[in-house]
There are 2 protein chains.
Amino acid sequence: MRSKDELRSKAFWCLLGINLFENLRPEDMQELSRYTQNRKYQRGEMIYLPGDPATTVYFLKKGRVKLVYLDEHGRKLTLAICRPGQPFGELMPDEDHKRSRFMAQALEDVELCLIGRDELIRFAQERPHLSLRLAKWVGQQLREMESKLEDLIFRDVPVRLARLLERLAREEGVPATEGIEISLKLTNREIADLIGSTRETTTVLLSQLRRSGVITKRHGRFIITDLEGLKQRCAN
Amino acid sequence: MRSKDELRSKAFWCLLGINLFENLRPEDMQELSRYTQNRKYQRGEMIYLPGDPATTVYFLKKGRVKLVYLDEHGRKLTLAICRPGQPFGELMPDEDHKRSRFMAQALEDVELCLIGRDELIRFAQERPHLSLRLAKWVGQQLREMESKLEDLIFRDVPVRLARLLERLAREEGVPATEGIEISLKLTNREIADLIGSTRETTTVLLSQLRRSGVITKRHGRFIITDLEGLKQRCAN
DNA sequence: AAGATGCTGTAAGCCAGCTTACAGTAAGGG
DNA sequence: CCCTTACTGTAAGCTGGCTTACAGCATCTT
């Protein structure tokens, strides 16, 4: 059986690589790690569902996770794709501890560590620097939401699709022989959910882009073969 | 000429009634007030414009202010209506101090006090409780944005209009003989901007609601005469 | 009083993109 | 290997709500 110390140092290690906790003093890390847990999920598994009490904050260690809004009629909108190092979950829920309206789903095999919202806040209460970082994190989420809103109101579906692909190429792209490969397995349905459109419309638009030589597909992953052409389609 | 103390206590008074600074120690209030300024604006005046550097945080003392997103083609979306006691402005802008994409306009004669973002953050740095409140504030903005997004994607225009009127009746309503009066002068154009629709469509829908006996208008202000009927129209 | 400016009301026409429907293809699993 | 399930591709039709266009009012200005 492993010693407590070993377990603790393992948890400690878990906190490394998380942007939010960079530059934290080692003894603080040590303390914080006592409140954390490690979890693993397989591709496709749900990490939390709409309606689950929003009392936990998650930090991605490995794999990617998508955050999806689900409405009462089953329509979906994917709000974000989180990458290793990033936190997700609701840090600042309603006064009345209302349940989250989002779900988090593993896009790949995922490793994460989690911490109770109240513990994290109590811990931050005595560490102003961390508190401000939390505020900054929430501020980032806010800005992402704003840009999502901007897209959905002011841009039409073809432009939203082009902008999504351009962003994915920038954020998740790896160089390939034909161009930039988006290192994410995404179905047309998932892309549709990301741009707030339907599967059918998205399929048609993707076919057009393929025929125009802007993109191609290999092993279920998209490759941007003409980044310039794509960028032209990002404007209204 | 007035003494420094008098000026200071006046500024101090300015901080009272602002939710964010409730329960702050008097000496902290005293110090914070040294960084603040008071300003007045008339109905219709701009407080800041898109493109202005986002370095200031505002606290409303009197009157209401609307925050509007303006796109490059002149289309508008009103994101929020702020009321006395509420803060607005961008507390947590991009790393690169990107300029705000919003404008703030006085809906009525307005009194506010303002403080530099950096000063406020430096001040909060040593007061963890305040830092967490800032995070909570940003969290609230985030939730409002989420609900705006939800409306815009999943609900059609008539429902969005009904929900807006219901919300305004709840938040800005005062009892009147015929029903609940919304204590805000709003043109059809402004209502259209609030629900992400056009002036014409909004006019038609408002006329329908009037003909159905759900609302009426007096002195440029709407009165909800049939709250139940309105609530029925809030569902999809 | 006349003119300018901005708000309200109404209506015809149009179109992006959602719906519905179906066929073909890939892939996972027993 | 077959069978089931899920994904992709295509197309006809419909419709919510945006566009465009005007006319009548209400303020405000000088």
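This structure is a prediction, so every number in the text was calculated from the model and none was measured.

Rules used throughout
Residues numbered from 1 in each chain as written. Chains lettered and ligands numbered in written order. Predicted model: local features only at pLDDT ≥ 70, side-chain atom pairs only at ≥ 80, totals over all residues. Heavy atoms only, no water. Helix = DSSP H or I, 4+ residues; strand = E, 2+ residues; numbered from the N terminus. Buried < 20%, exposed > 50% of the residue type's maximum accessible area, 1.4 Å probe, protein only. Contact = heavy atoms within 4.5 Å. Areas by Shrake-Rupley, 256 points an atom, 1.4 Å probe, with all protein chains shown as cover. Buried area = accessible area lost by both parts, 1.4 Å probe. Salt bridge = Lys/Arg side-chain N within 4 Å of Asp/Glu carboxyl O. Polar contact = N/O pair within 3.5 Å; in protein donor to acceptor, adjacent residues only side chain to side chain. Least-squares fit on C-alpha atoms with pLDDT ≥ 70 in both. Near = heavy atom within 4 Å. Core = buried A, V, L, I, M, F, W, Y, C linked by side-chain atoms within 4.5 Å. Axes fitted to C-alpha atoms, helices over the stretch in contact; angles between N-to-C directions. Parallel < 35°, antiparallel > 145°, perpendicular 65-115°, else oblique. Nonpolar A, V, L, I, M, F, W, Y, C, P; charged D, E, K, R; others polar. Domains from an automatic or database assignment.

Let's shift gears to the overall build of chain A. Per the secondary structure count, chain A includes eight helices and 12 strands. Projected onto the principal axes, the alpha-carbon positions of chain A cover approximately 60 × 40 × 30 Å. Burial status across chain A gives 50% buried among its 236 residues. Taking the contacts inside chain A whose residues are at least 6 apart along the sequence as the reference set, 70% of them involve residues at least 24 apart. Carbon and sulfur atoms form 48% of the exposed surface of chain A, whose accessible area is close to 11,600 Å².

Here we take up the interface of chain A and chain B. Listed as interface residues are 42 residues of chain A and, on the opposing side, 41 residues of chain B. Of the roughly 3,800 Å² buried between chain A and chain B on both sides combined, carbon and sulfur atoms contribute 64%. The interface formed by chain A and chain B includes four salt bridges. Residues E146 of chain B and R101 of chain A are paired through a salt bridge, measuring 3.1 Å at the closest nitrogen-oxygen approach. Inspection of the chain A/chain B interface yields nine residue pairs in polar contact (both at pLDDT 80 or more). The set of elements that each furnish at least two residues to the side of chain A that touches chain B consists of β5 (76-82), α3 (117-125) and α4 (128-154) of chain A. Per element, the largest residue contribution to the side of chain A that touches chain B is 22 residues, and it comes from α4 of chain A.

For the rest of this paragraph, the subject is the relation of the copies chain A and chain B. When chain A is brought onto chain B, the operation consists of a screw motion whose angular component is 180° and whose axial shift is 0.1 Å, with 0.1 Å RMSD remaining. What we have between these two chains is a two-fold relation. When the interface residues of chain A are mapped onto chain B, 98% of them are again interface residues, pointing to one common binding face.

Once that is clear, we can look at the environment of R127 of chain B. Residue and element names in this part refer to chain B. As for its placement among the helices and strands, R127 is situated in the loop between α3 (117-125) and α4 (128-154). For R127, a relative accessible area of 14% translates into the label buried. Here the side chain of R127 touches E31 through a polar contact of 3.2 Å, side chain to side chain.

Before going further, it helps to examine the pattern of salt bridges. All names here are of chain A. As enumerated under the stated definition, the model contains 48 salt bridges over all chains in all. One salt bridge in this structure joins K62 and E111, with 3.7 Å as the shortest N-O distance. Of the two residues, K62 sits in strand β3 (residues 56-62) while E111 sits in strand β8 (residues 110-116), which places them 49 residues apart along the sequence. Given the relative accessible area of 44%, K62 is considered partly exposed. Connected via shared salt-bridge partners are R25, E27, D28, E31, E126 and R127.

Before going further, it helps to spend a moment on the protein's contact with DNA strand D. Taken together, 17 residues sit near DNA strand D, with N188 and R199 of chain A together with D156, V157 and S197 of chain B positioned nearest. Looking at DNA strand D alone, sugar and phosphate atoms form 48% of those within 4 Å of the protein. N188 of chain A places a polar main-chain atom, nitrogen or oxygen, 2.9 Å from a phosphate oxygen of DNA strand D. In the model, a phosphate oxygen of DNA strand D is placed 3.1 Å from a nitrogen or oxygen of the R210 of chain A side chain. Among the secondary structure elements, those contributing two or more residues to the surface near DNA strand D are α7 (199-211) of chain A together with α5 (157-172) and α7 (199-211) of chain B.

Once that is clear, we can look at the nonpolar core. By size, the foremost hydrophobic cluster in this structure holds 64 residues, and its most contacted members are F21 of chain A together with F21 of chain B. In contact with F21 of chain B, other than residues within four places in its own chain, are L15, M29, L32, F59, L120, L130 and R133 of chain B.

Residues and elements named next belong to chain A. Relative to each other, α3 and α4 sit at 130°, their axes nearing to 7 Å. It follows that α3 is oblique to α4 by the angle criterion. Note on element contacts: α4 touches α3 through P128, L130, S131 and L134, opposite L120, F123, A124 and Q125. Taken together, the residues that form the contact of α3 with α4 break down as six nonpolar, two polar and no charged.

The subject of this paragraph is the domain arrangement of chain A. Residues and elements named next belong to chain A. Parsing chain A into structural domains produces domain 1 (4-153) and domain 2 (155-234). Measuring from the centre of the C-alpha atoms in domain 1 to the corresponding centre in domain 2 gives 27 Å. Across the contact, 15 residues belong to domain 1 and 14 residues belong to domain 2. Summed over the three residues of domain 1 that lose the most area to domain 2, namely R64, I81 and D151, the buried surface amounts to 34% of that side. In this structure, the connection of domain 1 to domain 2 is made through six salt bridges.

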